[in-house]
Every structure is written in structure tokens, then in C-alpha cells.
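A closer look at the structure
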Amino acid sequence: MKFIEAISFINDSERIVILPHVSADGDSIGSSFAIKRVLDLMGKKADIFLEEDVQKRYRFATGNIEYLIAGEDGCLKNVKYDLAICVDCADLERLGERKEIFLNSKRKILMDHHEFNSGFADLNYIDVKWSATVMPVYELIKEIDPELINREIARLLYIGLVTDTGGFRHTNTVPKAHIMAAELLEYGINPSEVSQNVFDNMTFGRYLLNKESVNCAEFFFDGKVCICYMPEDVFIKCGASEEDSEGLTDYLRNIEGVEVSVFIRDKNGGMKISIRAKSYVDVATVAAVFSGGGHKRAAGASWNGSYEEFKERFLKELEPVI
């Protein structure tokens, strides 16, 4: 895939905004901040606009890069940008409060790798064969000028690649992902530093949530499905944040015999749902029933009813495929 039109949009724009999805993960953070740094080097005025603050695990790589947060910089929602670059976002609604910023921009580019993305920009670069959105971002940067890539940018791209492939363990890990990783390591990245910050460091709140999961987890279909709902009072008791629960779905999926794991927590008056599969269930299709989406083995959704109502309907949807 070539990016001639995207480069033309960038060259013709002075003020550019970069928009990842809500609850930005490693791929969306890596993509956004790498693009920001490249645009800075090109002399463009570029803003990263996040829905929430950067998670602690990524701040070792983003600490020197300025960004905006919707709640704190909401007055900028009415700013007219020449170009909006949306990354790693499968649906316009996944921009949250920042949707207006995207819609008000003169031109729009979308770069994504999710299966259920029909494209909502002027230029849509979407391919489910990409392991992560940082893959097309990397190709775009190389087409602009490969000399712009430095250790800082390479590390950001590497973070996106290693997180969305689960350390190259997920089924979305394609050969080109390993090739890209090898090329990025040539810039002097320390993979141990990335691994320790992103995967290994555990807060005490996370440790306590792991313990609570033993009491909260329920098993169905002869242990093939594990559902864990942690109400807000559990987080308060553990002194844990939403970020501390990141990865708990994978932790539950790793239980022997479990094919599908679900982690649910309260958020904004409803429930945030994370779903993982081990080998054969397409959880993106199941998540779509709940207005969610994602990848075949990793997806998410939301729910505004009770936990018991969700559980009943989810298990009914899952029964034919489990």
C-alpha cells in the first residue's frame, strides 16, 4: 500500500491533529506519538488530542512530547484543523468527545487494522493483515523520509508493535511484524526497557486485583469460558485504577482449559467489557452484538444493563461457537 495521497494531504496542511481511540493502548499511543514527532521534524504544527491521560506504562517513551486531553483542553474542540489523522480507531464513536474535532477538520486520514472498519475519512488505509496500526505508520514515515526516523520514533513504533502482538505471541503476528521489529532495533532500542515498563512492572493495586479475580471469576461450558466482573467497590478496596486492570483478561485466558475470557468493570454508569479468545472463537463477531468490535481473538464492548443480564445474553451468543 502506497501513501502518496496521504503525503500530499500532509504537505498541504499546516495545522494537523492526531486522534487515537478512547482508552488509548500501546498501538494507538505509539502510532500517534510517532506521527507527532515526524510532523514536528517536518515543521508542521501538530497536536495529539487524547480522551484520557497517557497510561503510566507508556510515559517513559512519551514524557518529552506534548499532548492535549479532552477534559482539560476541551475548549480546543472548536479549533479548525487543516488535517485530522485518526489512528487505530474502528468506529467514529470511538473518538468520544473528540469526534467534533475530527468532523470539523478540512481533510481526514484514517489508518487502522480492525476487521469491522468501513472507513469514515477522506483517505482510508485499512488492512486486517497488519499486526498493528504502527505498521502502516512506519511505512508512511519511510515514504515521507526514512532519515526522519530516530531512536525515539523507533521506540514508539516498537511499543505499538510489541503490545498489539502481545510480545509476538498473538495470532495476528505476521512475518512482516518480525521484520519491522528487527529494523527498529537497528536504531538502538532497548527491548528489555520496553518489556519491563510495558509488561513486567506491577503496581500494588494490580497485585490486589489479581487476588480478587480468584473470588470474582465464574466458569461456564465445562471451564471453557471464564467471566470476571469487578464492581467499582472492588477497585476502591484495592486502591486500584482502571489502568491496573489492563491485562487481566489475558491473565484469565491463560488458565488451562479456558478458551474465552471476559473481564468486566464499571465505567461511566455502564460496563466496560474486554474479551479474549485462545485459539478458535471469533470474539469480534460476538462483541459486535454488543456494539463492540476488535480482532478475532481480542475484542471489547460496552453494556448499560446489569451484569446478570449481560452474562445471560453473552453466554447465549457464545453457545453455538464454544
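Residues numbered from 1 in each chain as written. Predicted model: local features only at pLDDT ≥ 70, side-chain atom pairs only at ≥ 80, totals over all residues. Heavy atoms only, no water.

**Here we look at the sheet that holds strand 4 (residues 83-87)**
What counts, and what does not: Between any two strands, at least two bridges found by DSSP are needed for them to pair. Segments assigned H or I by DSSP are reported as helices when at least four residues long, segments assigned E as strands when at least two residues long, and all are numbered from the N terminus. Pairs of residues are marked as contacts when any of their non-hydrogen atoms sit within 4.5 Å. Here, axes are lines fitted to C-alpha atoms. For helices the fit covers the stretch in contact, and angles between N-to-C directions go from 0 to 180 degrees.
Read across the open sheet, the 6 strands follow the order 3-2-1-4-5-6; overall the sheet is parallel. Strands at the two margins of the open sheet, each flanked by one partner only, are strand 3 (68-69) and strand 6 (123-126). Two strands pair when backbone bridges link them, and strand 2 (residues 45-50) and strand 3 are joined in this way by 2 bridges, in the parallel orientation. Considered in strand 3, the bridge of Leu-50 is made with Ile-69. Each of strand 1 (15-20), strand 4, strand 5 (107-112) and strand 6 touches helix 1 (residues 4-11); the most contacted strand, strand 6, lies at about 130° to it.

**What about the pairing of strand 4?**
Rules: For each residue, the accessible area found with a 1.4 Å probe, counting protein chains only, is set against the maximum for its type, and the residue is called buried under 20%, exposed over 50%, and partly exposed in between.
By the criterion of burial, strand 4 is predominantly enclosed, with 5 of the 5 residues buried. In strand 4, alternate side chains face the same way, and those of Leu-83, Ile-85 and Val-87 on one face and Ala-84 and Cys-86 on the other are all buried. Alignment of strand 1 against strand 4, held across 5 bridges, turns out to be parallel. Bridge pairing in strand 4 places Pro-20 opposite Val-87. Taken together, the 5 bridges between strand 4 and strand 5 define a ladder with parallel strand orientation. The partner of Ala-84 across the bridge, within strand 5, is Lys-108.

**Description of the packing of helix 2 (residues 26-41) against helix 6 (residues 151-164)**
Geometry of a packed helix pair, given as the angle between the helix axes and the separation of the axes. How we decide: The scheme is simple: roughly parallel for angles under 35 degrees, roughly antiparallel for over 145, roughly perpendicular for 65 to 115, oblique for anything else. Throughout, a crossing is termed right-handed when the near helix is turned clockwise from the far one, and left-handed when it is turned anticlockwise from it by less than a right angle.
In contact at an axis separation of 7 Å, helix 2 and helix 6 are set at 160° when each is read in the N-to-C sense. In terms of axis orientation, helix 2 runs roughly antiparallel to helix 6. Considering how the two elements wind past one another, helix 2 and helix 6 form a crossing that is left-handed. Seen from helix 2, the contacting residues are Gly-26, Asp-27, Gly-30, Phe-33, Ala-34, Arg-37, Val-38 and Leu-41; seen from helix 6, they are Glu-152, Ile-153, Leu-156, Leu-157, Ile-159, Gly-160, Thr-163 and Asp-164.

**Regarding helix 1**
Basically, it comes down to this: What the arc covers is the set of directions going from the helix axis to the C-beta atoms.
For helix 1, the complete set of buried residues consists of Ala-6, Ile-7, Phe-9 and Ile-10. Taken down its axis, helix 1 places every buried residue within 155° of arc, on the same side. Facing away from the buried side of helix 1, by more than 90 degrees, are the exposed residues Ile-4 and Glu-5. Among the structural elements, strand 1, helix 2, strand 4, strand 5, strand 6 and helix 5 (134-144) are those in contact with the buried residues of helix 1.

**Re helix 5**
It helps to recall that an α-helix has 3.6 residues per turn; residues three or four apart then point in one direction. Every buried residue of helix 5 is accounted for by Val-134, Met-135, Pro-136, Val-137, Tyr-138, Leu-140 and Ile-141. Buried residues belonging to helix 5 abut helix 1, helix 2, strand 5, helix 6 and helix 7 (175-185).

**Some details on the state of the cysteines**
Selection criterion: In this description, a disulfide is simply a cysteine sulfur pair whose atoms lie within 2.5 Å.
Applying the stated criterion across every chain, the model contains 0 disulfides. Cys-228 carries a free sulfur, and the closest cysteine sulfur to it, the one in Cys-216, is 4.9 Å from it. Taking the relative accessible area as the measure of exposure, Cys-228 reaches 0% and is therefore buried. Here Cys-238 is not disulfide-linked; the sulfur of Cys-216 is the nearest cysteine sulfur, at 8.5 Å. Taking relative accessible area as the criterion, Cys-238 reaches 8% and is therefore assigned buried.

**Some remarks on the packing of helix 1 against helix 5**
Rules: Gly is placed with the polar residues, together with every amino acid not listed as nonpolar (Ala, Val, Leu, Ile, Met, Phe, Trp, Tyr, Cys and Pro) or charged (Asp, Glu, Lys and Arg).
The contact between helix 1 and helix 5 brings their axes to 10 Å, and the two run at 65°. In this view, helix 1 runs roughly perpendicular relative to helix 5, as classed from their interaxial angle. Handedness of the helix 1/helix 5 crossing: right-handed. Here Ile-4, Ala-6, Ile-7 and Ile-10 of helix 1 lie close against helix 5, whose contacting residues are Leu-140, Glu-143 and Ile-144. Across the contact of helix 1 with helix 5, the residue classes tally to 6 nonpolar, no polar and 1 charged.

**Remarks on the pattern of salt bridges**
For clarity, the threshold we go by: Salt bridge criterion: a side-chain nitrogen from Lys or Arg within 4 Å of a carboxyl oxygen from Asp or Glu.
This model, assessed by the stated rule, comprises 25 salt bridges. One salt bridge connects Asp-47 with Lys-45, and the closest N-O pair in it is separated by 3.4 Å. Taking relative accessible area as the criterion, Asp-47 reaches 8% and is therefore assigned buried. Exposure remark for Lys-45: the relative accessible area of 43% places this residue in the partly exposed category. Glu-139 is the salt-bridge partner of Lys-142, the closest N and O atoms lying 3.3 Å from each other. Remark: Glu-139 and Lys-142 occur in helix 5; sequence separation between them is 3 residues, near one turn of the helix. Its relative accessible area of 35% is what places Glu-139 among the partly exposed residues. One salt-bridge network, held together by shared partners, links Lys-36, Arg-37, Asp-40 and Glu-152.

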